[in-house]
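Single-letter residue listing:
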Amino acid sequence: MSISVGLEAQIEDFIQRLKRRQILGSYFVAKETATILRQVVSTSRWRDVNVLIDIVTQTGIRLAAAQPNELAVGNIVKRVLKVIREVSRGELETEGRDEREEAIPDYSSFDEDELVDSDKEQSIFKQSSTTSSLSGSISGRPELTTQTSMFRLLADMSTLTVREQKREENEKRVRDTYNLKPLIIQEINEEIIADLDTIYKGIADQALDFIHANEVIMTIGISRTVQEFLIRASQKRKFQVLVAETAPTYQGHKMALSLSKAGIDTTVIADSAIFAAMPRVNKVVLGAHAVLANGALVSVSGSHLLAAAAKHHSTPVLVCTALYKLSPLFAYVADAFNVTVSPQNVLNFQEGPIIDKVTITNPYYDYVGPDYVSLFIHNLGSAPPTYVYRLINDNYDPEDSTTF
Amino acid sequence: MENIKSSPLGIPNSNSSKMASGSPNTMGQPMSSSYENRWLSTGEDTKKGSPLVSRRKSITPEENKPNNSKEANKGKKDTRPQNPNEPPKKAQKDMTKAERRAMQEKQRQEKQSRVAAGLPKGAKQAAELEVKKNPSPVSADTDDTKQKKKALSKNQQNQVPWLLHLDVPKTSDALTKDLHPAVLQLGLYFSEHKIVGSNARCVAMLEIFSKVISDHKPPSDATFSRHIQKHLDPHIAYLLSIRPMSLSMRECIRWLKKEMADIVEEDPPLSDDESRTRLIERIGHFIRERITMADQLIVQNGLQKIQDGDVILTYAKSSVVESLLLETKKKGIDFKVIVVDSRPLFEGKHLLRRLVAAGIDCSYHLLSSIYVALKSVTKVIMGAHALLNNGAVYSRIGSSMVAMAASDKQIPVMICCETYKFVNRTQVDSFVLNELGNPDDLVQTTTNTYDAKKSDTAVLANWRDQPDLRLLNILYDVTPSKYITLVVTEVGLIPCTSAPVVSYKFNCIIKTCIDFYFYFYYYLLYRFGVNTSNEEFGKRVA
């Protein structure tokens, strides 16, 4: 397409590393995806927003296909697309609006409730204008949602006729395309990349709201988010942590070591002792690999056991996750996003000839249903699993969810 | 006699072993008299003497230390987290009256200073607090005690606060003299986990006791029947100190003591030889009837519940479940087995080998991936260590998780358990009575010995140096009865809440039925030989 050679090489390199699972950890994946997409926006040639959306979508499909279960890739791509759409919509709608106002992505403008008749009319105008203007656009669907405040209705309807409006919008679009690029890049920087840098702080800041003194907290696997959460809480409160060792990856060992180095009273238990130890536990804190659209969790193998044991003992389960892990996809079957890795760690080759006769499975992830989770703690606050759909609506555009 | 009180019922009391070591003193014989000289009459046993002596030397390096200095005594006793009051009493026996009074004065002053300092009154708790404050204690004592205090601090530091009532596993013990060498050998097997599994341990223990009984010659002033109980107590205590007894082993010992008491009550009193043979015969009968035959009946009963196309999930290794699965394969039923295993013992691997050798279609999972495994499972069958009075199952750690996960998915959970494991106690959580394993077992994460040597050390290799880090390795847990569908026993299939009824009624009514079954079974074996027994049994009794 219209992607430069250098950038293409960078994209290819990233894809290769994703395929080989050389880059692990959704944080790094997300950051790199955002950087690449920002470069795509800035270096590729596009005259119209829809062309840009096409380019970004194509790149996104390639990246997501490299490692389908690394949902962070798709999430970042969709967020960038949402930003692009928001910015372009903001530009087009405002005639004589404040520049600053436009630059902020409109969360306020996202009011589904205010779908009045005149809104529908205006959106129909938009639809006709977009379809008439461009060819080769894959996003020919009507733009489902738009906002408007009541004031602009009166202003718009008064002066221009339909045709004149269309022409005006076309000209405006051509004009404003050149303005859009820096806006979009600025948005990507602020919204996405800078956001990624502050997620740990945002989550850790809430730690004191959830942990009281002399508590016993149980966790599993290794998660930098949970680590920062607990370490921040330990600066003001004294509590104990039980870490399940998470066979066969044994991530729990590293987690316990780093927590104890930070001065937290830590005990390592085997996975099999989770139910036995659960009556002593006050809260369960988990990290997540991804959060799905129904509020379910994809997390390291063993989390389902931990969450189920907590449910049986009525222990609250808190999930510390950043918003970039939130994915608009649903799991049509429990193991839709699961991946199996080498069974070497389960039954290694030294066991001898029985290897040939036995089926060995080593799934890396676990699916935890939304009824096991009490609360999601993310960088912008907290949300119960039933609220997750709102977060998704705020961050993603429904058109993008179907493409990949 | 305190020994009887402490050993079978409650938490193992290592002080009973110390009392026993005191007994040759009180009897006026030198402490170094070996078991063989006292109890075994014939000269052939002296051959066992020399390997025993050398083994004793290797097992008990610190045997000579305890009685050296009072302070060392106190320091050593602090490592045992219970009964700080008794040991000083023992040391007092050696001292004169004046020395004893001086020691009491010192203790009283210490206590006063402790209360003044705001520390708790008990010496043990004060030591604990002090140790927690400074992990490397500065003391003016000898190097000996300094080392002991360091060991104390590391030991104490690893104690999870709510498990302080459990014994930390001890690898060696002071008392090995005056014990039958077979018991010592058994203790070694237990401590190195060469014999694991409740049935295996019970049978081994009963057989060894049978041997001890047959070898025992009472002293001239006592009859065999009265003396044998007192004689067995130090052996029991020794086994307790090596590894806390399983609940089923305690039941066996309780039964054995009852038998010994019965023999004493016998009127007219039996001669020595008669009582000996009777005891040995009863032990053999118990093993045969309550364990071996019971297993076979359980297999028969369990077979009714397995059909073609079943996918059976089992956890860790249970000897009864293994027999059941092998028998199912022999009958030609088409089924699959999923073996779920867990750290650190990986007992499921042994089961896996046996099943694969028999040609059964097997899968292998670790506990953390059990939900993936449960997607295709139709039944869960597990073994038990003991069945508690409230219907809960006391079993290998992790079985409660398997039962919970299966019941969440409405998959029936069957427990195979012999009636001798029905215990007259109740536990509502897993911590009140449990066994602590070796925490270092959790450190090694690779089972591949090549990798273990080649790569750098495990993440937690130096966990003892981390002041805030603890490793917890417990071996048993309690599964609530609501997760269990049914229990397969030799008397039939019962709901788990009927356990107390069965164990209560067992001596009255059901025992006679079992006796009938057994004698009938023996008759069949005699007539038709072993191989056809199962089909014949099914035909005759059905």
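Each residue is numbered by its place in its chain's sequence as written, counting from 1. In the order they appear in the text, chains get letters beginning with A and ligands get numbers beginning with 1. Local features in a predicted model are, by the rule used here, given only for residues with pLDDT of at least 70; side-chain atom pairs are given and counted only at 80 or more, and totals for whole chains, interfaces and linings are based on all residues. By convention in this description, side-chain values take in all heavy atoms of the structure and omit both hydrogens and water.

Going by the annotation in an unreviewed UniProt entry, the name recorded for chain B is Translation initiation factor eIF2B subunit delta, with Thamnidium elegans given as the source organism. Per its UniProt entry, chain B bears the Subcellular location (unreviewed entry) comment "Cytoplasm, Cytosol". Quoted straight from UniProt, the Sequence similarities (unreviewed entry) entry for chain B says "Belongs to the eIF-2B alpha/beta/delta subunits family." UniProt positions are given in the numbering used here, feature names are shortened, and annotations may be inferred rather than shown by experiment.

You'll find chain A entered in an unreviewed UniProt entry as Translation initiation factor eIF2B subunit beta, with Thamnidium elegans given as the organism. UniProt, in its Subcellular location (unreviewed entry) section for chain A, records the words "Cytoplasm, Cytosol".

With that settled, the discussion passes to the overall build of chain A. When its secondary structure is counted, chain A shows 15 helices and eleven strands. Exposed residues in this analysis have more than 50% of their type's maximum accessible area, buried residues have under 20%, and partly exposed residues fall in between, with area computed by a 1.4 Å probe over protein chains only. Here chain A, with 404 residues, has 56% of them falling under the buried criterion. Contacts are residue-level and defined by heavy atoms, with any inter-residue pair within 4.5 Å sufficient. Long-range contacts, defined as pairs at least 24 residues apart, comprise 80% of the intrachain contacts of chain A with a sequence gap of at least 6. Note on areas: these come from Shrake-Rupley sampling with a 1.4 Å probe, and a residue is covered only by the protein chains present in the view. On chain A, roughly 17200 Å² of surface is accessible, and the fraction owed to carbon and sulfur atoms is 54%. Runs of H or I in DSSP of at least four residues are treated as helices and runs of E of at least two as strands, each being numbered from the N terminus.

Turning next to the interface of chain B and chain A. Interfaces are frequently sized by the accessible area removed from exposure as the parts join. If you look at the interface, chain B gives 51 residues, while chain A gives 52 residues. Accessible area that two parts lose when put together, evaluated with a 1.4 Å probe and summed over both, is termed the buried area. Here chain B meets chain A over a buried area of about 4600 Å², counting both sides, of which 61% is carbon and sulfur. For chain B, the biggest contributors to the area lost against chain A are Trp162(B), Ser368(B) and Asp468(B); these three give 14% of the whole. By salt bridge we mean one thing: a side-chain nitrogen of Lys or Arg within 4 Å of a carboxyl oxygen of Asp or Glu. Applying the counting rule to chain B against chain A returns three salt bridges. Asp335(A) is the salt-bridge partner of Lys375(B), the closest N and O atoms lying 2.4 Å from each other. Counting of polar contacts relies on pairs of N or O atoms within 3.5 Å, with two restrictions inside protein: one atom must be capable of donating a hydrogen and the other of accepting it, and residues adjacent in sequence are counted only when both atoms are side-chain atoms. Here chain B and chain A share 15 residue pairs in polar contact (both at pLDDT 80 or more) between them.

Here we come to the sheet that holds strand E11 (residues 381-383) of chain A. Pairing between the strands of a sheet comes from backbone hydrogen bonds, and it takes one of two forms, parallel or antiparallel. A strand pair is defined by DSSP finding two or more bridges across the two strands. Strand order in the open sheet made by the eight strands is E11(A)-E10(A)-E7(A)-E4(A)-E1(A)-E2(A)-E3(A)-E8(B), with mixed pairing throughout. Where the open sheet ends on each side, the last strands, each with one partner, are E11 of chain A together with strand E8 (469-472) of chain B. Looking at each pair of strands side by side, their axes are set apart by 25° on average, direction ignored. For strand E2 (residues 240-244) of chain A and strand E3 (residues 265-269) of chain A, the ladder comprises five bridges, and the chain directions are parallel. To obtain each axis, a line is fitted to C-alpha atoms, and for helices this fit is confined to the stretch in contact; angles are then taken between N-to-C directions over 0 to 180 degrees.

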